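Each chain, written out:
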Amino acid sequence: MKLYGLVDCNNFFVSCERVFNPTLNGLPVVVLSNNDGCVIARSNEAKALGIPMGCPAFQIKDYCNPSQVIRLSARHRIYCDLSNRVMKILSAEVEHVEQYSVDEAFFTMPYDDVQRNHDVMARLVQKIYKYVGIPVSIGFAPTKTLAKIASHIAKKHPRITDGVYWLVRPEAIDIILRRTVIDDVWGIGRRIAAALADRGIVTAAQFAQMPPTLVRRLFSVSTERTQRELKGEDCMSISPVTVAHSSIMNSRTFAHVITSRHEVQDAIVVFAKMCAQRLRKENAVADTVTVYIRGDRHRQDLPFYSNSCQIKLPTPSSSTMTIVHHALLAFANIYRDDFGYRKAGVLLTGITPAHSIQLNLFDKIDQSRQQQLMQTIDSINNHYGSHIVTLAPDDQRAQWRPEKSHFQKPSKTLRIYTAMLPDKT
DNA sequence: TCTGGGGTCCTAGGACCC
DNA sequence: TCTGGGGTCCTAGGACCC
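Keep in mind that this is a model prediction, so the values were computed, not measured.

Here we take up the pattern of salt bridges. Across all of its chains, the model carries 20 salt bridges by this definition. Residue arginine 228 is joined to glutamate 224 by a salt bridge in which the shortest nitrogen-to-oxygen separation is 3.6 Å. Here the residue arginine 228 and the residue glutamate 224 both occupy positions in helix H11 (residues 221-230), the gap between them amounting to four residues, near one helical turn. Take arginine 228: its relative accessible area is 28%, and that puts it in the partly exposed class. Its relative accessible area of 12% is what places glutamate 224 among the buried residues. Across the pair aspartate 301 and arginine 299 runs a salt bridge whose closest N-O atoms are separated by 2.9 Å. On the basis of relative accessible area, arginine 299 is assigned to the partly exposed category, the value being 36%. Among the charged side chains, a network of salt bridges with common partners joins Arg216, Glu224, Arg228 and Glu233.

Below is the structure:
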């Protein structure tokens, strides 16, 4: 029998901050999203105070004395780098690793000699902590959905489990499912949980016993798959090869409501540029650009407007000039002067590998020139810093840029560390 | 006063074709 | 003169994830 393993970094963003600032250990710490808007990571101590995930920062006071809680602005570049280090160690130790998110990865393992494997995995947990400083939990089970539950148990009881929990025997699975509330099952969100609760289904075990056809009819094939996985039927395989993205998005909530057309337009240009840059990094092209703008949905005193516009490119492209040009056309289609804007974004879809596109002769000449220009700009920016060469004004202090007031003063360790990051050298 | 960003997958419904 | 249905493709929107 094959088992799925899931490695999950505990309270990942907070753990990353603690790597550089050990004085945060043992304290209630939260990491905040863009504009210091929402809580996106919590230390165990912050969880114990009752602060929920996704809680708006200004509501922290509803749960505890806010002065007890250390608030930090997110530093995603650093989290991404530490994530890579964790994944590298994992990949060296196990086979068929599939990174699922910045802080999680699935892998497979043959089901034999559990005691020996347990020791190997417990040593892996220690190794990751020793070399990267990030505490992780590992769960094993016959399906990915059950492995998720197993890793939660490992995380909850690190002392008893050494950070590794095996959810394999049918009797054990049975007991655990009876103790697992339906909301905690991977793939069951708020809406489905509420619909299930209306029918008196509140535990994973009760959900597993529902007729599959009913689950399918009420929800979707995905939910039925989740149910089958809970019953031990493997419905989601591992895809170790990194699958190309099917969309690339860049969007921001602005620090304030913006009423200037130029300001919003500048933001669109920056988002389009960043999208194009990522596209080239992934050696891909896109055939559709979507732009969306929207007002502030929380302000009752302002008229609300939200719209999007999708434009198909004449030929798939990754050129900043082409993508920015079409993003601006889309923007002009939907922008209205009589509203204020709080959020905007650019989305690229129809993504294919760059080598797969068919061009006519004139496109070929034009594209190859643009490609050379883009390659030159990318290589200069990679070498000297990301804003050395830009194709349009890129005001780093523009009004729309998010505010972050909880940045910690970089410690000496952090300064040395950031200096070591590849694109700063 | 202050409420994130970046993804994936599925479904329903419309357009179009034969 | 009257009358269909099945297949495919695309898109918008909803649900989920971290």
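Turning next to the nonpolar core. Counting 39 residues, the largest nonpolar core has Phe107, Met121, Ile134, Ile138 and Phe140 as its most contacted members. For this core, the secondary-structure elements that each account for two or more residues are strand S1 (2-9), helix H1 (12-20), strand S2 (29-32), helix H3 (76-93), strand S6 (104-110), helix H4 (114-132), strand S7 (136-141) and strand S8 (164-166). For this core, the element with the highest residue contribution is H3, accounting for seven residues. Membership of the second largest hydrophobic core comes to 37 residues, among which are Val264, Cys275, Val289 and Phe331.

This part covers empty space enclosed by the protein. By the definition in use, this model includes one cavity of 30 Å³ or more. Its boundaries defined by the atoms lining it, the largest cavity holds a volume of some 30 Å³. Around the largest cavity sit Val257, Gly295, Asp296, Leu302, Pro303 and Gly340, which together line it. By residue class, the composition of the lining of the largest cavity is three nonpolar, two polar and one charged.

Moving on to helix H5 (residues 144-156). In an α-helix there are 3.6 residues to a turn, and that puts residues three or four apart on one side. Between the first and last C-alpha of H5 there are 18 Å, a value that for 13 residues agrees with the 18 Å anticipated at 1.5 Å per step. Taking burial as the measure, the 13 residues of H5 include ten buried ones, the bulk of the element. Those residues of H5 that sit buried are Lys144, Thr145, Leu146, Ala147, Lys148, Ile149, Ala150, Ser151, Ile153 and Ala154.

Another aspect to go through is the pairing of strand S3 (residues 39-42). By the bridge criterion, three bridges tie S2 to S3 in an arrangement that is antiparallel. Paired with valine 31 across the bridge in S3 is alanine 41. Connecting S2 to the antiparallel partner S3 that follows it, the hairpin turn spans six residues, and asparagine 35 within it adopts a positive phi of roughly 60°.

In this section: the packing of H3 against H4. Across the interface, H3 lies against H4 with an axial gap of 10 Å and an inter-helix angle of 145°. Crossing angle aside, the handedness with which H3 passes H4 is right-handed. When H3 is examined against H4, the residues Leu82, Arg85, Val86, Ile89, Leu90 and Glu93 are found in contact with a partner set consisting of Leu124, Lys127, Ile128, Tyr131 and Val132.

Conventions used here
- Residues numbered from 1 in each chain as written.
- Chains lettered and ligands numbered in written order.
- Predicted model: local features only at pLDDT ≥ 70, side-chain atom pairs only at ≥ 80, totals over all residues.
- Heavy atoms only, no water.
- Salt bridge = Lys/Arg side-chain N within 4 Å of Asp/Glu carboxyl O.
- Helix = DSSP H or I, 4+ residues; strand = E, 2+ residues; numbered from the N terminus.
- Buried < 20%, exposed > 50% of the residue type's maximum accessible area, 1.4 Å probe, protein only.
- Core = buried A, V, L, I, M, F, W, Y, C linked by side-chain atoms within 4.5 Å.
- 1 Å grid on protein atoms, 1.4 Å probe; cavity = no way out; pocket = protein on both sides within 12 Å on 5 of 7 lines; lining within 4 Å.
- Points joined across faces, edges and corners; volume = space filled by probe spheres on them.
- Nonpolar A, V, L, I, M, F, W, Y, C, P; charged D, E, K, R; others polar.
- Expected span 1.5 Å × (residues − 1).
- Pairing = 2+ DSSP bridges.
- Axes fitted to C-alpha atoms, helices over the stretch in contact; angles between N-to-C directions.
- Left-handed = near helix turned anticlockwise from the far one by under 90°.
- Contact = heavy atoms within 4.5 Å.

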